[in-house]
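Each chain, written out:
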Amino acid sequence: MARNLNSPKITVRLSGTLKNTLDDGSSTSISHPALNYAPSLSNGINDNQANRAWQSVSRSLGSGASETLDLFDMDGIDIGAGVGLDGLGQSVSPFEEIVAIAIVNNNAVTDAGQLEIEPGAGVGWTPIGIHTVALGGAFRGQGMMIKTQIAKAAFDVNDGVSHTIKFTANGGTVDYSLYLMARHDDDESSSSSSSSSSSSSFSVSSSSSSSSSSGSSSPSSSSWSSQSSSGSSSSSSSSSVTSSSSSSSVTSSSSSSSTSSSSSSSVTSSSSSSSVTSSSSSSSSSSSSVTSSSSSSPSSSTWSTASV
């Protein structure tokens, strides 16, 4: 089944009141800084969207120890649901874009251990930058780093080229946490994820109990079913069946195309009879309509409509 990220949210706030008191006791003030960064996000792989998430809380590094994490598939990392899996036991692979990354040194402010963050050796993820003690950019206790890129072209993760981050504890042990919002695809047109949505509708109206279908018979009962599946950029499909006056009918219509837009089918039958017609096409839209009358067979049939 399709995965999604419900109600993704990024909120960063900086606030304070800058005040100046004059010699006469009067004062003036202004809100500085006044940052309230809270972009509107939704599920998907386009601008202002994310559809994957992962976190690992309280990872321990001994003084001088390092570990390297693979952002593309978290190879070898188990956060409790299995190696390379997210918190629901689903495969991390692939994370092809990072929308937001936050890293926190959970140590106390007074602890000696500093967290160094840099691209891994050879296939390091360069968007993270280099934050080491030597360069003055390591994170002491309660230090935090956050980077966001909510545009369609977010921070790219390129498997085998640029996808690993190295973490090192310098000067003492470090307890740190990593949080990610990501997209599983960096090309919307090639995605088959839930970000490309579809809709289908189906309605049935029937009266009386007897029916027939050309070339087939079954016990005296009738049933209808509809099924819809959509590809990467399909928009909608609909089908309807109406039977009345001791009769029923079936239409099956399908359309297939990488850029198909709609398909529809409708059937009307009457006078103690039914017929079955199916049609298919490989174009942007297709439709079929059948009206049947005056053909009898044993009083039973099963009908289905499907749109793909």
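Residues numbered from 1 in each chain as written. Predicted model: local features only at pLDDT ≥ 70, side-chain atom pairs only at ≥ 80, totals over all residues. Heavy atoms only, no water.

1. Description of the overall build of the protein
Here's step 1: Looking only at helices and strands, one finds zero helices and 22 strands in the protein.
Here's step 2: Counting only residues that meet the buried cut, the protein has 36% of its 308 residues in that class.
Here's step 3: Carbon and sulfur atoms form 47% of the exposed surface of the protein, whose accessible area is close to 15,600 Å². (Helix = DSSP H or I, 4+ residues; strand = E, 2+ residues; numbered from the N terminus. Buried < 20%, exposed > 50% of the residue type's maximum accessible area, 1.4 Å probe, protein only. Areas by Shrake-Rupley, 256 points an atom, 1.4 Å probe, with all protein chains shown as cover.)

2. Topic: the packing of aromatic side chains
Here's step 1: Evaluation of the coordinates by the stated rule reveals two aromatic pairs.
Here's step 2: With centroids separated by 6.2 Å and ring planes inclined at 90 degrees, the aromatic side chains of Trp 125 and Phe 155 adopt a geometry described as edge-to-face. Separated by 30 residues along the polypeptide, Trp 125 in the loop between β8 (114-119) and β9 (144-148) and Phe 155 in strand β10 (residues 155-156) bring together distant segments of the chain. Comparing Trp 125 with Phe 155, the two get one shared label, buried.
Here's step 3: The interplanar angle of 20 degrees and the centroid separation of 4.6 Å between the aromatic rings of Phe 167 and Tyr 176 together place this pair among those described as stacked.
Here's step 4: Among the residues examined, Phe 167 registers a relative accessible area of 0% and is labelled buried. (Phe/Tyr/Trp six-rings, centres within 6.5 Å; stacked < 30°, edge-to-face > 60°.)

3. A few points about the side chain of Thr 168
Here's step 1: You can see Thr 168 is positioned in strand β11 (residues 164-170).
Here's step 2: Among the residues examined, Thr 168 registers a relative accessible area of 9% and is labelled buried.
Here's step 3: A distance of 2.7 Å separates a polar atom in the side chain of Thr 168 from a polar atom in the side chain of Ser 66. (Polar contact = N/O pair within 3.5 Å; in protein donor to acceptor, adjacent residues only side chain to side chain.)

4. What to know about the pattern of salt bridges
Opposite charge on two side chains lets them pair, provided their charged atoms get close.
Here's step 1: If you walk through the whole model with that rule in mind, you get three salt bridges.
Here's step 2: In this structure, the salt-bridge partner of Arg 3 is Asp 86, at a minimum N-O distance of 3.6 Å. Of the two residues, Arg 3 is situated in the segment before β1 (12-21) and Asp 86 in the loop between β6 (66-70) and β7 (97-105); the sequence distance between them amounts to 83 residues.
Here's step 3: For Asp 86, a relative accessible area of 9% gives the class buried. (Salt bridge = Lys/Arg side-chain N within 4 Å of Asp/Glu carboxyl O.)

5. With respect to the environment of Ile 103
Here's step 1: Tracing the backbone through its elements, the reader meets Ile 103 in strand β7.
Here's step 2: Under the relative-accessibility criterion, Ile 103 is labelled buried at 2%.
Here's step 3: It is 8.5 Å that separates the C-alpha atoms of Ile 103 and Gly 143, two residues lying 40 residues apart in sequence.
Here's step 4: In this view, Ile 103 contacts Leu 115, Ile 117, Ile 128, Gly 143, Met 144, Met 145, Phe 167, Tyr 176, Ser 177 and Leu 178; residues no more than four positions away in its chain are not counted. (Contact = heavy atoms within 4.5 Å.)

6. Quick look at the confidence of the model for the protein
Here's step 1: Averaged over all residues, the pLDDT of the protein is 74; the fraction at 70 or higher stands at 60%.
Here's step 2: With pLDDT under 50 throughout, residues 191-308 is counted as low confidence; its partners more than four residues away or in other chains account for 248 contacts. (pLDDT = per-residue confidence, 0-100.)

7. A closer look at the pairing of β1
Here's step 1: Looking at chain direction, β1 and strand β2 (residues 27-37) are connected through nine bridges and run antiparallel. Paired with Arg 13 across the bridge in β2 is Asn 36. (Pairing = 2+ DSSP bridges.)

8. Considering the sheet that holds β6
Here's step 1: Strands sit in the order β6-β11-β8 across an open sheet of three strands; the sheet is antiparallel. Bordering the open sheet on either side are β6 and β8, each of which pairs with just one other strand. On average, adjacent strands in this sheet sit at an angle of 20 degrees to one another, irrespective of strand direction.
Here's step 2: Two strands pair when backbone bridges link them, and β8 and β11 are joined in this way by six bridges, in the antiparallel orientation. Following the sheet pairing, Leu 115 is matched in β11 by Ala 169. (Axes fitted to C-alpha atoms, helices over the stretch in contact; angles between N-to-C directions.)

9. Brief notes about unusual backbone geometry
Here's step 1: Cis rather than trans, the peptide bond between His 32 and Pro 33 has omega equal to -10 degrees.
Here's step 2: Here Pro 33 shows up in strand β2.
Here's step 3: Geometrically, the link from Ser 93 to Pro 94 is a cis peptide bond, its omega value of -5 degrees lying close to zero.
Here's step 4: Structurally, Pro 94 can be placed in the loop between β6 and β7.
Here's step 5: The phi torsion at Ser 58 lies on the positive side, around 60 degrees, for a residue other than glycine.
Here's step 6: Residue placement: Ser 58 occurs in strand β5 (residues 52-61).

10. Here we look at the environment of Ala 153
Here's step 1: Note on placement: Ala 153 falls in the loop between β9 and β10.
Here's step 2: Using a relative accessible area of 58% as the deciding quantity, one classes Ala 153 as exposed.
Here's step 3: Sequence separation of Ala 153 and Asn 46 is 107 residues, and the distance between their C-alpha atoms is 8.2 Å.
Here's step 4: Apart from residues no more than four positions distant in its own chain, Ala 153 is found in contact with Glu 97 and Arg 183.

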